[in-house]
Amino acid sequence: MRLDGGHPALDLVNTVYGQVGQPPEDDVLRAPEDLMTFATRVGVAADASSTAALEAARRLRTACERAFRDDDPTGLEAAARRAYRAGTLRRGGWTWEDADPMSAVHRLAHAAAQLLADDDALARLRGCHDCCWLYLDRSKNRSRKWCSMEDCGTNAKKRRYVEKRRALS
Ligand SMILES: [Zn+2]
């Protein structure tokens, strides 16, 4: 599991692999346990999961994709409303019952809604030049072109190098 998005909502969008406009090649979220693993890895508490929660997470993934790639937040708005209906607002912020399998989805929806409200972060939102994954560019001069230098960046550099050599020969 690669986590290069720099934000749980973007990492969620990046859990499905494939070329844009083509059917998915691979999906990190295949079973309810995958949702718990993913949520824990991105720092969102997840003590329980279920098939319904997995399906909700996949729907939230599509909603986040539309919100952050296509600027259509209607699906995310609905998910955030569900999250806040199920949650409790306390000093320190929103909380959800750890035993509820949907809590991880609600926490992810809350994180996504916060990202959409964060103009400074949105100004750093990029799509990888190679794989189209979404990430926040936290580099100083905001010039990062790839989701990850180890994967896409290095490959692109290699390709360029090969192209250059071909051009020379
Ligand atoms: Zn990439």
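Quick caveat: nothing in here was measured; it's all calculated off a predicted structure. (Residues numbered from 1 in each chain as written. Predicted model: local features only at pLDDT ≥ 70, side-chain atom pairs only at ≥ 80, totals over all residues. Heavy atoms only, no water.)

Student: Explain the packing of aromatic side chains residue by residue, including any values.
Tutor: Under the defined criterion, the tally for this structure stands at 2 aromatic pairs. For the ring pair Tyr-84 and Trp-94, a centre distance of 4.6 Å and an interplane angle of 35° mean the geometry is tilted. Taken together, the residues span a long stretch of sequence, with Tyr-84 in helix α4 (residues 74-86) and Trp-94 in strand β4 (residues 93-95) at a distance of 10 residues. Using a relative accessible area of 29% as the deciding quantity, one classes Trp-94 as partly exposed. On the basis of an interplanar angle of 20° and a centroid distance of 6.2 Å, the ring pair of Trp-94 and Trp-96 is categorised as stacked. (Phe/Tyr/Trp six-rings, centres within 6.5 Å; stacked < 30°, edge-to-face > 60°. Helix = DSSP H or I, 4+ residues; strand = E, 2+ residues; numbered from the N terminus. Buried < 20%, exposed > 50% of the residue type's maximum accessible area, 1.4 Å probe, protein only.)

Student: I'd love a proper account of the UniProt feature "domain: Zinc finger CGNR" (unreviewed entry) in the protein chain, names of residues and values included.
Tutor: UniProt records the feature "domain: Zinc finger CGNR" (unreviewed entry) for residues 124-165 in the present numbering. With 40% helix and 14% strand, the stretch residues 124-165 has end C-alpha atoms that lie 33 Å from each other. (UniProt positions renumbered as here; feature names shortened; annotations may be inferred.)

Student: Can you explain the environment of Met-102? Please cite residues and give values.
Tutor: In this fold, Met-102 is placed in the loop between β4 and α5 (103-116). The partly exposed category is assigned to Met-102, whose relative accessible area is 23%. In this structure the C-alpha to C-alpha distance between Met-102 and Ala-57, which are 45 residues apart in sequence, comes to 8.7 Å. Residues within four places of Met-102 in sequence aside, it is in contact with Ala-52, Ala-53 and Ala-56. (Contact = heavy atoms within 4.5 Å.)

Student: How would you summarise helix α2 (residues 32-41) if you had to cite specific residues and measurements?
Tutor: Looking only at α2, the buried set comprises Pro-32, Leu-35, Phe-38 and Ala-39. The arc enclosing the buried residues of α2, seen along the axis, measures out at 115°, which places them on a common side. Projecting away from the buried face of α2 at angles above 90 degrees are the exposed residues Glu-33 and Thr-40. The inward-facing, buried residues of α2 abut α1 (8-13), α3 (51-69) and α5. Remark: Gly-43 follows α2 within two positions and exhibits a positive phi of approximately 85°. (Arc of directions from axis to C-beta.)

Student: I'd like a rundown of the nonpolar core, residues and numbers included.
Tutor: Proteins that are soluble and globular tend to have nonpolar side chains buried together. Counting 33 residues, the largest nonpolar core has Leu-60, Cys-64 and Phe-68 as the members making the most contacts within it. Broken down by secondary-structure element, the contributors of at least two residues to this core are α1, α2, α3, α4, α5 and β6 (134-136). At 8 residues, the largest contribution of residues to this core is made by α3. Apart from residues no more than four positions distant in its own chain, Leu-60 is found in contact with Leu-12, Leu-76, Ala-79, Val-105, Leu-108 and Ala-109. With 7 residues, the next largest nonpolar core counts Cys-128, Trp-146, Cys-147 and Cys-152 among its residues. (Core = buried A, V, L, I, M, F, W, Y, C linked by side-chain atoms within 4.5 Å.)

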